[in-house]
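Listed here are the chains, written in short residue letters.
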Amino acid sequence: MSVKVRIAPSPTGFLHVGTGQSALYNWLFARKNGGTFQLRIEDTDRERSTKEYEQSIFDALAWLGLTPDGEISRQSEHAGQYRSALEELLAEGKAFYCRHTQEELEAERKNQESKKEPPRHLCDHKNSREEESGIIRLAVKEDDRIIKFDDIIRGPIEFQASLLGDFSIAKSLDEALYNFAVVMDDADMRITHVIRGEDHISNTPKQILIYEALGLPIPHFAHLPLILASDRSKLSKRHGAVAVVDYKKDYLPEALSNFLGSIGYTFSKEILTKEEMISEFDLSKVHKSGAVFDVKKLNWINAQYIRRLSASEFKGLTGLKVSDEAVLLITERLEKLSDASEFSYLWSEPEYPKELLLWKTSSSEEVKQSLEKSLKFLEPLEWGREAMVAGLGHLSNEAGGKGPVFWPLRVALSGKDKSPDPIDIALAIGKEETIKRVQKAVNQLDEQD
Ligand code: GLU
């Protein structure tokens, strides 16, 4: 049987980076095994689900390069199937209507707590066929049965069936609850491997009982570690951006997927393409413990990908109109795309206070003279690195050091006290612009306060 996996996000928010990682591991597993990777939209929560979020999930997956195969399935379209399966279970006595009130359930829970028993509902309506409304529960036997499954990542996991109680599977015939809908859909889609976050481990024994009650084959399960913030708590909004879309403005999709892949799995190297990830991927080797979302590592990975961009790719992505030389100066230093604005002097004339031009204790007059010498040298120059290195080196020797020559040049060209080498900037912005900026610096120093 060929491998079929899925992710099943709810369109009640943007695609979370954790779901992005699940999508990646599902996708890698499918590609590795020649299988299919599908998307199911779990939109049963009608009040909170929106079409906008659904669209944003498609967009985020497409951006990450994890486009699902085949048709997209939507839970809201399966109500009829849920209803007939529920009717069947009710008719067979495998499920039943429970009419206990909230107060009664609360009293039962308190009683169990006082006896140090796990909270669960043990229903005495189970055998009554008279009720035809109320919540629908699965009739779980109160015996010593142990429900076992072999988690591909975590190994054997066991649960005592008697601790589950008669858990609810639907609010009514037309309102199936999560565990029931998931089982129905995974079976209907013929999902072979359910690969999802470890927060669903405790749902798995319930789902196994539902599969059994429905007489459906049980898929394999693999529970992925949760993504943690650097303080090792579950990554949430208070730690910053958690939606995949939030990363679009600063990160390359290849970098984010490389990062998400490598924080839960040890690949042979830090930077690798999806194809390389596919060839190395072994689901059973996904880490068991939480994957820390280390932004510094993400930035480092992103910087490696930014460096590999061609000038036209970079210009296409950022919309910047700069020379290819300027692109190189930026991409060699950039961790996040939006930080490219720090290099605005490469495409527009910088503004700066003229005091910044002053090297250490030099006077305004001395700095002006230094800039004028540079100008005299640059004006007739056949533009090129070697000649510039030699000429400005010569001027530095005369001045008794690099500082008096290079400092004011740097400020004149970049408007900053820290920047790439002024020679690199001059080559990137070109002769005309360089002369114009140095001249402007001289004029500024000339101006009376
Ligand atoms: N809608 C569930 C979630 O987003 C899906 C769980 C599952 O994969 O079974 O957590």
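So, how was this worked out
Residues numbered from 1 in each chain as written. Predicted model: local features only at pLDDT ≥ 70, side-chain atom pairs only at ≥ 80, totals over all residues. Heavy atoms only, no water. Helix = DSSP H or I, 4+ residues; strand = E, 2+ residues; numbered from the N terminus. Rg over C-alpha atoms; globule rule 2.2 N^0.38 Å. Areas by Shrake-Rupley, 256 points an atom, 1.4 Å probe, with all protein chains shown as cover. Lys, Arg positive; Asp, Glu negative; His and termini not counted. Charge placed at Lys NZ, Arg CZ, Asp CG, Glu CD. Near = heavy atom within 4 Å. Polar contact = N/O pair within 3.5 Å; in protein donor to acceptor, adjacent residues only side chain to side chain. Nonpolar A, V, L, I, M, F, W, Y, C, P; charged D, E, K, R; others polar. Buried < 20%, exposed > 50% of the residue type's maximum accessible area, 1.4 Å probe, protein only. Salt bridge = Lys/Arg side-chain N within 4 Å of Asp/Glu carboxyl O. Contact = heavy atoms within 4.5 Å. Core = buried A, V, L, I, M, F, W, Y, C linked by side-chain atoms within 4.5 Å. Phe/Tyr/Trp six-rings, centres within 6.5 Å; stacked < 30°, edge-to-face > 60°. Lys NZ or Arg CZ within 6 Å of the ring centre and 35° of its normal. UniProt positions renumbered as here; feature names shortened; annotations may be inferred. Pairing = 2+ DSSP bridges. Axes fitted to C-alpha atoms, helices over the stretch in contact; angles between N-to-C directions.

A word on the overall build of the protein. Scanning the protein from N- to C-terminus turns up 16 helices and 13 strands. For 449 residues, the compact-globule estimate of 2.2 N^0.38 gives 22 Å, and the protein exceeds it by more than 25% at 32 Å. In terms of its C-alpha atoms, the protein occupies a principal-axis envelope of roughly 100 × 45 × 35 Å. Here the protein has roughly 22,200 Å² of accessible surface; of this, 49% comes from carbon and sulfur atoms. Charged side chains of the protein number 60 positive and 73 negative; the gap between the two group centres comes to 3 Å.

Every residue lining the ligand is accounted for by R6, A8, P9, S10, E42, Y178, V182, R196 and H200. Between the ligand and the protein, one listed contact pairs an oxygen atom with a side-chain N or O atom of R6 at 2.5 Å. Within the side chain of R196, an N or O atom sits 2.9 Å from an oxygen atom of the ligand. When the residues that make up the shell around the ligand are grouped by side-chain class, the tally is four nonpolar, two polar and three charged.

This paragraph deals with the side chain of K274. Mapped onto the secondary structure, K274 falls in helix α8 (residues 274-280). For the buried residue K274, which engages in no salt bridge, the nearest side chain bearing the opposite charge is E254, 6.4 Å off. At a separation of 3.0 Å, a polar atom in the side chain of K274 contacts the main-chain carbonyl oxygen of L64. Contacts of K274, omitting those with residues within four sequence positions, involve L24, W27, L28, L64, G65, L66 and S257.

This brings us to the nonpolar core. Counting 96 residues, the largest nonpolar core has F293 and L346 as the members making the most contacts within it. Among the elements that line this core, the one with the most residues is helix α1 (residues 17-32), at eight residues. Aside from chain neighbours lying at most four places away, what touches F293 is V17, I227, L228, L235, Y247, F259, L260, I263 and L298. With 34 residues, the next largest nonpolar core counts A85, I136, L164 and I191 among its residues.

With that settled, the discussion passes to the packing of aromatic side chains. Scanning the entire structure with this criterion turns up 10 aromatic pairs. Look at Y247 and Y251: their rings are 5.5 Å apart centre to centre, the planes differ by 45 degrees, and that puts the pair in the tilted class. Assessed through its relative accessible area of 7%, Y247 is described here as buried. Aromatic ring contacts, followed pair by pair, group Y25, Y265, F267 and F281 into a single cluster. Here the basic side chain of K274 rests over the ring of W27, its NZ or CZ set 5.8 Å away from the ring centre. The positively charged end of R308 is found above the aromatic ring belonging to Y305, 5.7 Å away from the centroid.

This paragraph deals with the UniProt feature "short sequence motif: 'HIGH' region" (unreviewed entry) in the protein. Per the UniProt record, "short sequence motif: 'HIGH' region" (unreviewed entry) is found at residues 9-19. Span residues 9-19 is 27% helix and 0% strand, its end C-alpha atoms 7 Å apart.

Okay, the sheet that holds strand β3 (residues 73-74) next. Sheets are built from strands paired through backbone hydrogen bonds, the pairs being either parallel or antiparallel. Across the sheet, which stays open at both edges, the three strands sit in the order β1-β2-β3 with parallel pairing between neighbours. The sheet is open, and its two borders are formed by β1 (4-7) and β3, each paired with just one other strand. Bridge count between strand β2 (residues 36-41) and β3: two bridges; the pairing is parallel. Looking at β3, one finds that R40 is bridged to S73. α1 contacts β1 and β2 of the sheet and is inclined by roughly 170 degrees relative to β1. Across the sheet, helix α2 (residues 51-64) lies against β1, β2 and β3, angled at about 160 degrees from β2, the strand it touches most.

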